[in-house]
Amino acid sequence: MWVSQNAVGIDGFLRMSSNSRAPVDIVSDLEIVTLYVQPRHHGRGIGRKLLKTGLQYCSDIGRASTWLAVNAENEKATAFYIASGFEKVGETHFRIGDRAYPNNILHFRLNRSVADNA
C-alpha cells in the first residue's frame, strides 16, 4: 500500500495484492485492488503518480503484468486506466447480496517503460 499525503491529510492511496487470480484468463496474479484519490484532489496528477509507483513495484518484483477491475459505469476511471496503458480483457460482476454490478477487467503488460505509461 502506498499513500499520498499533504500537510493536512491523505490525498489518496494505492493498494495492491499478490496471489489474486483474475476472473479472466490472464497470467498475472498481481491485482491493483484500490486506487483512490479524494475528489477535491482530482486533476493534480496524484492518481498518475500512485499508479506509476504501483507499476514500478510490479517491475521491481519481477512481475510481467498487473490487472484490476473497475466499475463498467465509471467511464472516467476506465478512460484514465486506458490512457495509462491498460487494455480491457474481459468483464465480471461485483456482487453485493443478490445484486450484480458489471465490472471491466483491465490488464497492464510491463513490456514498455513504466515512465511512458504513467
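Our subject in this report is the structure included herewith. (Residues numbered from 1 in each chain as written. Predicted model: local features only at pLDDT ≥ 70, side-chain atom pairs only at ≥ 80, totals over all residues. Heavy atoms only, no water.)

## Comments concerning the side chain of H41
- With respect to the secondary-structure elements, H41 resides in the loop between β3 (31–37) and α1 (46–60).
- With residues up to four places along the chain from it excluded, the contact list for H41 reads N6, D11 and I46. (Helix = DSSP H or I, 4+ residues; strand = E, 2+ residues; numbered from the N terminus. Contact = heavy atoms within 4.5 Å.)

## Quick look at the nonpolar core
- Ranked by internal contacts, the top residues of the largest apolar core, which has 19 residues, are I32, L51, L68, Y81 and F86.
- Of all the elements in the fold, those that place two or more residues in this core are β2 (9–17), β3, α1, β4 (65–71), α2 (75–83) and β6 (99–109).
- Once you skip the residues sitting within four places of it in the chain, L68 turns out to touch I32, Y81, F86, N104, I105 and L106.
- A22, V24, I26 and W67 belong to the second-largest nonpolar core, a separate cluster that totals five residues. (Core = buried A, V, L, I, M, F, W, Y, C linked by side-chain atoms within 4.5 Å. Buried < 20%, exposed > 50% of the residue type's maximum accessible area, 1.4 Å probe, protein only.)

## Things to note about the pattern of salt bridges
- The tally for this structure, following the rule as stated, stands at three salt bridges.
- Between E87 and R109 there is a salt bridge whose closest N-O contact spans 1.9 Å. Here E87, found in strand β5 (residues 87–96), pairs with R109, found in strand β6; they are 22 residues apart in sequence, far enough to count as distant.
- Using a relative accessible area of 32% as the deciding quantity, one classes E87 as partly exposed.
- The salt bridge involving E91 is made with K88; its shortest N-O contact spans 2.9 Å. (Salt bridge = Lys/Arg side-chain N within 4 Å of Asp/Glu carboxyl O.)

## Remarks on the pairing of β4
- Counting buried residues in β4 gives five out of seven residues, a clear majority hidden from the surface.
- Strand direction decides the pairing type here: β4 and β6, joined by seven bridges, are antiparallel. If you follow S65 over to β6, its bridge partner there is R109. (Pairing = 2+ DSSP bridges.)

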